[in-house]
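A structural walkthrough
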Amino acid sequence: MAPQVFFHCYPTALGHCGVAWTERGIVGSQLPEESASATRDRMRVRFPAGREVVDFGDLPGAVRHACEGVRALLEGEARDLLEVELDDSALAPFDREVLALTRRIPVGQTLTYGEVAARVGQPGAARAVGRAEGHNPFAPIVPCHRVMGAPSAGKAANLTGFSAAGGVVTKLKILAIEARATGQQAGEQQDLF
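Not measured: the values here are computed from a predicted model. (Residues numbered from 1 in each chain as written. Predicted model: local features only at pLDDT ≥ 70, side-chain atom pairs only at ≥ 80, totals over all residues. Heavy atoms only, no water.)

Describing the sheet that holds strand E2 (residues 15-22)
- With mixed pairing, 4 strands are arranged side by side in an open sheet as E3-E2-E1-E4. In this open sheet, the two strands that pair with only one neighbour each are strand E3 (25-33) and strand E4 (51-52).
- Sheet topology note: the E2/E3 ladder contains 6 bridges and is antiparallel. Bridging from a neighbouring strand, His16 pairs with Glu33 of E3. (Pairing = 2+ DSSP bridges. Helix = DSSP H or I, 4+ residues; strand = E, 2+ residues; numbered from the N terminus.)

Details of the side chain of Asp95
- Here Asp95 lies in helix H3 (residues 93-103).
- The buried category is assigned to Asp95, whose relative accessible area is 10%.
- One polar contact links Asp95 to Arg131, side chain to side chain, over a distance of 3.1 Å. (Buried < 20%, exposed > 50% of the residue type's maximum accessible area, 1.4 Å probe, protein only. Polar contact = N/O pair within 3.5 Å; in protein donor to acceptor, adjacent residues only side chain to side chain.)

So, the environment of Arg71
- Here Arg71 is to be found in helix H2 (residues 61-74).
- In this structure the C-alpha to C-alpha distance between Arg71 and Thr12, which are 59 residues apart in sequence, comes to 5.2 Å.
- Filtering out sequence-adjacent residues up to four positions away, Arg71 remains in contact with Tyr10, Pro11, Thr12 and Phe56. (Contact = heavy atoms within 4.5 Å.)

What to know about the pattern of salt bridges
- Enumeration over the complete set of coordinates arrives at 8 salt bridges.
- A salt bridge links Glu52 to Arg44; the nearest nitrogen and oxygen atoms lie 3.4 Å apart.
- Among the residues examined, Glu52 registers a relative accessible area of 25% and is labelled partly exposed.
- A relative accessible area of 44% places Arg44 in the partly exposed class.
- A salt bridge links Arg79 to Glu83; its shortest N-O distance comes to 3.8 Å.
- Note on Arg79: relative accessible area 23%, which makes it partly exposed. (Salt bridge = Lys/Arg side-chain N within 4 Å of Asp/Glu carboxyl O.)

Side note on the packing of aromatic side chains
- Tallied over the full model, the rule gives 1 aromatic pair.
- With centroids separated by 5.9 Å and ring planes inclined at 25°, the aromatic side chains of Phe6 and Trp21 adopt a geometry described as stacked. Here the residue Phe6 occupies a position in strand E1 (residues 6-12), and Trp21 occupies one in strand E2, the gap between them amounting to 15 residues.
- Judged by its relative accessible area of 22%, Phe6 is partly exposed. (Phe/Tyr/Trp six-rings, centres within 6.5 Å; stacked < 30°, edge-to-face > 60°.)

Re H3
- Inspection of H3 places Phe94, Asp95, Val98, Leu99, Leu101, Thr102 and Arg103 among the buried residues, and these make up the whole buried set.
- The inward-facing, buried residues of H3 abut strand E5 (109-112), helix H4 (113-119), helix H5 (126-134) and strand E6 (147-148).

Next comes the structure, spelled out in structure tokens:
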């Protein structure tokens, strides 16, 4: 029998985020939506058997800590959130490897899909990396917003789609917040290595 899933919706500087967990750890996180009801609806679609925990004080300590970390990140603190324990057991091995590498991209730095593919030992798998990032169940704890398409003629980076409310505009907002947190101008994020 599958463990009971719980979820909580909470406000951040960019909108309302959500987090879902079982006794094994966090199984999902939701990028900011404009309203609490939009986040709640999204969480109910993602976790139809999930039970909502409304009161922040009723959350397990590790879940409260994750919410506080996401809030701090979106308010402009250079937080990597690596201490947040995730249950990624439902992910395919390739996706797990891609998201583990993505999670280690420091605040204020970015990689392309091709660079992530090369670093997981599959240099021709940029599209598969894009798919894994697009299905990231842990955003923004796993910062898929720090991964983008390769530069094209006249552009510094190819800002492909983003699943948060506001799409690429939200991705740019998060990157700008992180750039300021690390003393950079937006668009000056440094490569990982």
